[in-house]
Amino acid sequence: MSFPWSKEYTPSHPLMVWLDEKLPLPRLVYGAVGGGYEVPRNLNYMWNFGFLAGLCLMIQIVTGVVLAMHYGGDTKVAFDSTEHIMRDVNWGWMLRYGHANGASAFFVVVYAHIFRGFYYGSYKAPREMIWLLGVVIFLLMMATAFMGYVLPWGQMSFWGAQVITGLFSAIPLVGDPLREWLLGGFSPDNATLNRFFSLHFLLPFVILGVVILHVWALHIPGSSNPTGVEVKSESDTVPFFPYFVGKDGWTIGLFMLIYSAFVFFMPNALGHPDNYIPANPMQTPAHIVPEWYFWPFYAILRAFTVDFLIVPAKLMGVLAMFAAILVWFFLPWLDRSPVRSANYRPLYRKFFWVLVLDVAVLAYCGGAPAEEPFVMISQIASLYYFLHFFVIVPVVSSIERPDPLPYSITEAVLGTDESAKLDGNG
Amino acid sequence: MIRIFSILIGAFFSLALLLAFGTGAYSYITEPPAKTAEARFHLKPEHLDLPSNGWFGKYDKAQLQRGFKVYSEVCAACHSIKHVAFRDLKALGYNEAQVKTIAAKFTVTAKDPLTGEVKDRPGVPADRFPTVAYAGKGVPPDLSLITKARHGGGGYVHSLLTGYADPATYKNAAGEALPKENQPGDGLYFNPYFANLNLSMPAPITSEGQVTYDDGTKATVEQMSKDVSAFLVWTAEPELEKRHQTGAWWMGFLLFATVLAYMSYRNIWADKKGH
């Protein structure tokens, strides 16, 4: 991105001049994360999660690649090789706990990043493409995390694979053959584990590719900001380096402190004990639950308990679960309000907080056993979820009367903007 | 147009959910779900105070040795700890010679390095604990990971070992007696800490002095149950001490680095008003 005041990269050292002609890598870095990238000066801490998500992806790739050097993707050895990593591989326990808790940390950060988008309308023009790519990343993350959880071949690994691939059998006509094709058999077995290992290794690099597109698309219009008012003049921005390198830098420390507390002091707090029992196809666990980051969607899946019109209950649940995420793709066109930030949208802001609460309730119900009253609660919570995205967002954006916006980012930060006065209509 | 479609789709899912909720609520009111016997009688494991608990927890080697003795003399008859190697026992404070002696007491099946023939031989420190052949009823689980594989960890093992009760006279907190259909069947034993209340394992630690401790500690049922629970926490998490130590150093470094990074952040932004 370049505003008229963005600085051009001018190499001074002869070596850099030479390099700039052959491969302008320093120019790319300078323009993307250096002094040449102008960023709104008023970004709050909610804007740190993108950088942290990138850090999480790196942690997962590095720990994951080393884990793969010691892991055996065969049902006969998968569980034992995981224990071999924990006991015999030097620092293996740290790699594995780091990877397992790294997945949770990645989702925490990404959920914060997504809800930042909901609140501040980050998906709105001209940033639709960033948002669409972001939803693609999230879907890839879900697939990757799911397959990764299968690899230790514990009880939850096996039964999780059984339940999730079972969802495909709900599809009319092709469901059962499709499921068998995905599993490579009639139930999860060696073929399943092998392909999941292969894909679990591949997908993070696909994610990395889409992340590059996501960041590239970001650099066209530049970051949005808490006011939602576009950048107007140089006083609205600061260069990424050193200002946001400094800000992201210290929040990396904060993030690492919290993440490390889990890795070193409560590494199994977010996991399920049953996954330390080797997979046993003959014994179903009392409650099959996915990892916590899938709980809201798992609750939606299980909320559809009766057939509707001609659609069987199971298929309704599957459709609803996918629709719950796919609707995010349409958000830029469902929300027609010209005001981006919920700070200036009093009505939408209330519904946003109801949504936050609603997703928390869904998460709780998704982790609870499929018994009453949790099923009824998740039905009500799912109802709000669908009303929120499919009905409330479009309707509110048409009827709402937003609060007055500041003239510029500068005015929002400093209380006054000289250029507004010159304009004569601030 | 897209918004009309959206509202229609939203209505579709909402109506399905309302119908599901209505059906569920109707049957919830007309036929309230009865609490299962498991829900009424199953007890959550009690918390067990172990020196390895907490962020700075360490193992008590004397306790682990006592626990190992209980495991060897009581549990090992049916339960293996196949993920643990004899060499790992050094962490309990045994020296090389002691580990060799312990290993040699076990028979392991392995390839003869000279002939390639698979045969039985005495264990060596590099071997893992052999699997245990069990012919009776039920499937005794391997205990290497048992404290990580159950809610409550060491507390679960301790509660289970000390929680056996007489099903004929047992009353739960609400004063209810165990229903007939939940009475233990043939070869099963009642224990409220076990998920479905009855298990194939009879109470393994029953009398004081069942194990003679080398360090002179009085071998009460409580003491033996506690020690073996501590030992099984170790078999599941042999890395715990190193993890806690590394974690403390690492957190200290991170805290220092974060404070420095925060101060440089404040320094960098000092010239920007309104921040």
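Residues numbered from 1 in each chain as written. Chains lettered and ligands numbered in written order. Predicted model: local features only at pLDDT ≥ 70, side-chain atom pairs only at ≥ 80, totals over all residues. Heavy atoms only, no water.

## Quick word on the overall build of chain B
Short version of the rule: The secondary structure listing takes helices from DSSP runs of H or I that are at least 4 residues long and strands from runs of E that are at least 2 residues long, numbered from the N terminus. All radius of gyration figures rest on C-alpha atoms, and the globule criterion is 2.2 Å times the number of residues raised to 0.38. Only protein chains enter the accessibility calculation, which uses a 1.4 Å probe; a residue is then buried when its area is under 20% of its type maximum, exposed when over 50%, and partly exposed in between. Computed with a 1.4 Å probe, the accessible areas rest on the Shrake-Rupley method; for each residue, only the protein chains presented here act as cover.
Helix and strand counts for chain B stand at seven helices and four strands. Along its sequence from the N terminus, chain B presents helices and strands in the succession α-α-α-α-β-β-α-β-β-α-α. The C-alpha atoms of chain B give 27 Å as radius of gyration, which overshoots the globular expectation for 275 residues (19 Å, by more than 25%). In terms of principal-axis extent, the alpha carbons of chain B reach across some 80 × 70 × 45 Å. Looking at chain B as a whole, 39% of its 275 residues qualify as buried. For chain B, the exposed surface amounts to about 15200 Å²; the carbon and sulfur share of it is 60%.

## Focus: the overall build of chain A
Note the cut-off: By definition in these notes, contact holds between two residues if any of their heavy atoms fall within 4.5 Å. The convention is simple: Lys and Arg are positive, Asp and Glu are negative, and His and the chain ends are not counted. Working definition for charges: the position is that of NZ of Lys, CZ of Arg, CG of Asp or CD of Glu.
Scanning chain A from terminus to terminus reveals 17 helices and two strands. The globule rule puts the C-alpha radius of gyration for 426 residues at 22 Å, and the 24 Å found for chain A is close to it. For chain A, the spread of C-alpha atoms along the three principal axes comes to 75 × 60 × 40 Å. Taking all 426 residues of chain A together, the buried fraction comes to 55%. Relative to all contacts within chain A whose residues are 6 or more apart in sequence, the contacts with residues 24 or more apart total 79%. Counting only carbon and sulfur atoms, one obtains 71% of the accessible surface of chain A, whose full area is about 18500 Å². Looking at chain A, you have 23 positive and 29 negative side-chain charges, and the mean spots of the two groups are 4 Å apart.

## Notes on the environment of Ser382(A)
Residue position: Ser382(A) is located in helix α15 (residues 374–399). On the basis of relative accessible area, Ser382(A) is assigned to the buried category, the value being 0%.

## Thoughts on the packing of helix α12 (residues 313–326) of chain A against helix α1 (residues 2–30) of chain B
Rules: For helices, the fitted axis covers only the stretch in contact; all axes are lines through C-alpha atoms, and the angles between them, taken along N-to-C directions, range from 0 to 180 degrees. Roughly parallel means an angle under 35 degrees; roughly antiparallel means over 145; roughly perpendicular covers 65 to 115; every other angle is labelled oblique. By the definition used in this description, the sense in which the near helix is turned from the far one sets the handedness, with an anticlockwise turn below a right angle giving left-handed and a clockwise turn giving right-handed. All amino acids are sorted into three groups, where Ala, Val, Leu, Ile, Met, Phe, Trp, Tyr, Cys and Pro are nonpolar, Asp, Glu, Lys and Arg are charged, and the leftover types, Gly among them, are polar.
Following both chains from N to C, one finds α12(A) and α1(B) inclined at 135 degrees, their axes separated by 12 Å at the closest point. Relative to α1(B), the element α12(A) is oriented oblique. Note that α12(A) runs across α1(B); the crossing there is left-handed. Contacts from Met316(A), Leu319(A), Ala320(A) and Ala323(A) of α12(A) reach α1(B) at Phe12(B), Phe13(B) and Ala16(B). When its residues are assigned to classes, the contact of α12(A) with α1(B) shows seven nonpolar, no polar and no charged.

## Focus: the nonpolar core
Soluble, globular proteins show a tendency: their nonpolar side chains are buried together. Just so we agree on the cut-off: The criterion is simple. A nonpolar core is a set of buried Ala, Val, Leu, Ile, Met, Phe, Trp, Tyr and Cys residues joined through side-chain atoms within 4.5 Å.
Membership of the largest hydrophobic core comes to 131 residues, with the highest contact counts inside it found for Phe118(A), Phe138(A), Phe297(A), Phe304(A), Trp328(A), Tyr385(A) and Phe386(A). The greatest single-element share of this core, amounting to 15 residues, is contributed by helix α5 (residues 92–120) of chain A. Trp328(A) has contacts with Ile114(A), Phe118(A), Trp131(A), Val135(A), Phe138(A), Phe297(A), Tyr385(A) and Phe389(A), leaving out every residue within four places of it along the chain. Counting 41 residues, the second largest nonpolar core, distinct from the first, contains Phe68(B), Tyr94(B), Tyr213(B) and Ala230(B).

## Comments concerning the interface of chain B and chain A
Note the following rule: Every case where a carboxyl oxygen of Asp or Glu lies within 4 Å of a side-chain nitrogen of Lys or Arg is listed as a salt bridge.
In this complex, chain B contributes 59 residues to the contact, which on the side of chain A involves 70 residues. Our count for the contact surface shared by chain B and chain A stands at two salt bridges. Residues Asp88(A) and Arg87(B) are paired through a salt bridge, measuring 3.4 Å at the closest nitrogen-oxygen approach. For the side of chain B that touches chain A, the secondary structure elements donating two or more residues are α1, α6 (221–236) and α7 (240–269) of chain B. Element by element, the count of residues in the side of chain B that touches chain A is highest for α1(B), at 20 residues. Class assignment for the residues of the side of chain B that touches chain A results in 31 nonpolar, 15 polar and 13 charged.

## As for the domain arrangement of chain B
To keep things clear, this is the line we draw: Just so you know, the domain bounds were taken from an automatic or database domain assignment.
Domain parsing of chain B yields domain 1 (38–62 + 72–84 + 131–241), domain 2 (85–128) and domain 3 (242–266). Centre-to-centre separation of domain 2 of chain B and domain 3 of chain B, based on C-alpha positions: 42 Å.

## Looking at the pattern of salt bridges
Residues and elements named next belong to chain B. Taken as a whole, this structure holds 23 salt bridges over all chains when the rule is applied. Salt-bridge contacts for Glu-73 lead to Lys-69; the nearest nitrogen and oxygen are separated by 3.8 Å. With Glu-73 and Lys-69 both in helix α3 (residues 61–73) and four residues apart, the pair spans about one turn of that helix. Note that Glu-239 and Arg-243 form a salt bridge whose closest N and O atoms lie 2.8 Å from each other. Judged on exposure class, the residue Glu-239 and its partner Arg-243 are both buried.

## Considerations on a nonpolar patch on the surface
For the record, the criterion: Grouping into patches uses exposed residues only, defined as over 30% relative accessible area, and leaves out salt-bridged ones; the cut-off is 9 Å for like charges and 5 Å for nonpolar side chains (Val, Leu, Ile, Met, Phe, Trp, Tyr).
Together, Tyr45(A), Leu255(B), Phe256(B), Val259(B), Leu260(B), Tyr262(B) and Met263(B) give the surface a local cluster of nonpolar side chains, amounting to about 680 Å² of exposed area. Tracing the backbone through its elements, the reader meets Met263(B) in helix α7.

## Brief notes about the side chain of Gln60(A)
Position of Gln60(A) among the secondary structure elements: in helix α3 (residues 49–70). A relative accessible area of 13% places Gln60(A) in the buried class.

## Some thoughts on the confidence of the model for chain B
Low-confidence regions, as indicated by low pLDDT, have predicted coordinates that should not be scrutinised in detail. Heads up, the condition is: Note: pLDDT gives the predictor's confidence per residue, expressed from 0 to 100.
Chain-level statistics for chain B give a pLDDT mean of 94 and a share of 99% at 70 or above. Quick note on the complex model: pTM equals 0.95, ipTM equals 0.94.

## Examining the pairing of strand β2 (residues 118–122) of chain B
Residues and elements named next belong to chain B. Operational definition: The pairing criterion for strands is at least two bridges between them, as found by DSSP.
Pairing between strand β1 (residues 107–111) and β2: five bridges, direction antiparallel. Looking across to β2, one finds that Lys-111 is bridged to Val-118. Linkage of β1 to β2, two consecutive antiparallel strands, is achieved through a turn of six residues, within which Gly-116 is found at a positive phi near 80 degrees.

## Describing the side chain of Asp417(A)
Residue and element names in this part refer to chain A. This is how it is decided: Under this definition, polar contacts are N or O atom pairs within 3.5 Å; protein pairs additionally need one hydrogen-donor-capable and one acceptor-capable atom, and for neighbouring residues in sequence, both atoms have to be side-chain atoms.
Position of Asp-417 relative to the elements: it lies in the loop between α16 (409–414) and α17 (418–423). No salt bridge is formed by the buried Asp-417, whose closest oppositely charged neighbour, Lys-232, lies at an N-O distance of 7.2 Å. Reaching out from Asp-417, the side chain makes a polar contact with the side chain of Ser-408 at a distance of 2.4 Å. Not counting residues up to four positions away in its chain, the partners in contact with Asp-417 are Tyr-407, Ser-408, Thr-410 and Glu-411.

## Focus on the packing of aromatic side chains
All names here are of chain A. Threshold: What counts as a ring pair is set by centres within 6.5 Å for rings of Phe, Tyr and Trp (its six-membered ring), and what kind of pair is set by the plane angle: stacked under 30 degrees, edge-to-face over 60, tilted for all other angles. Two limits define a charge over a ring: the Lys NZ or Arg CZ must be within 6 Å of the ring centre, and within 35 degrees of the ring normal.
Within the structure shown, the criterion is met by 63 aromatic pairs over all chains. Plain terms: the ring middles of Phe-138 and Phe-297 are 6.3 Å apart, the flat faces sit at 55 degrees to each other, and that makes the pair tilted. On the criterion of sequence distance, the pair formed by Phe-138 in helix α6 (residues 128–150) and Phe-297 in helix α11 (residues 295–303) is long-range, its members being 159 residues apart. A residue is classified by how much of its surface remains accessible, and Phe-138, at 1% relative accessible area, is buried. Residue Phe-297 is classed as buried on the basis of its relative accessible area of 5%. Summarising the aromatic geometry, the rings of Phe-304 and Phe-386 are spaced 6.4 Å apart at their centres and angled 80 degrees between planes, so their arrangement reads as edge-to-face. Here Phe-386 lies in helix α15 and Phe-304 lies in the loop between α11 and α12, a separation of 82 residues in the sequence. Accessibility classification places Phe-304 together with Phe-386 in one group, the buried group. One residue, Arg-116, lies across the ring of Trp-47, its end atom 4.7 Å from the ring centre. Arg-345 extends its terminal NZ or CZ atom over the ring of Tyr-348, reaching a point 4.4 Å from the ring centre.

## Examining unusual backbone geometry
Residues and elements named next belong to chain A. Of note, the bond from Ala-125 into Pro-126 is cis; its omega dihedral lies within 30 degrees of zero at 10 degrees. Looking at the element boundaries, Pro-126 is found in the loop between α5 and α6. The omega angle of the peptide bond from Glu-372 to Pro-373 is 5 degrees, so this bond is cis rather than trans. Looking at the element boundaries, Pro-373 is found in the loop between α14 (346–367) and α15. With a phi angle near 60 degrees, Trp-91 is a residue other than glycine that sits in the positive phi range. Secondary-structure assignment places Trp-91 in the loop between α4 (78–87) and α5.

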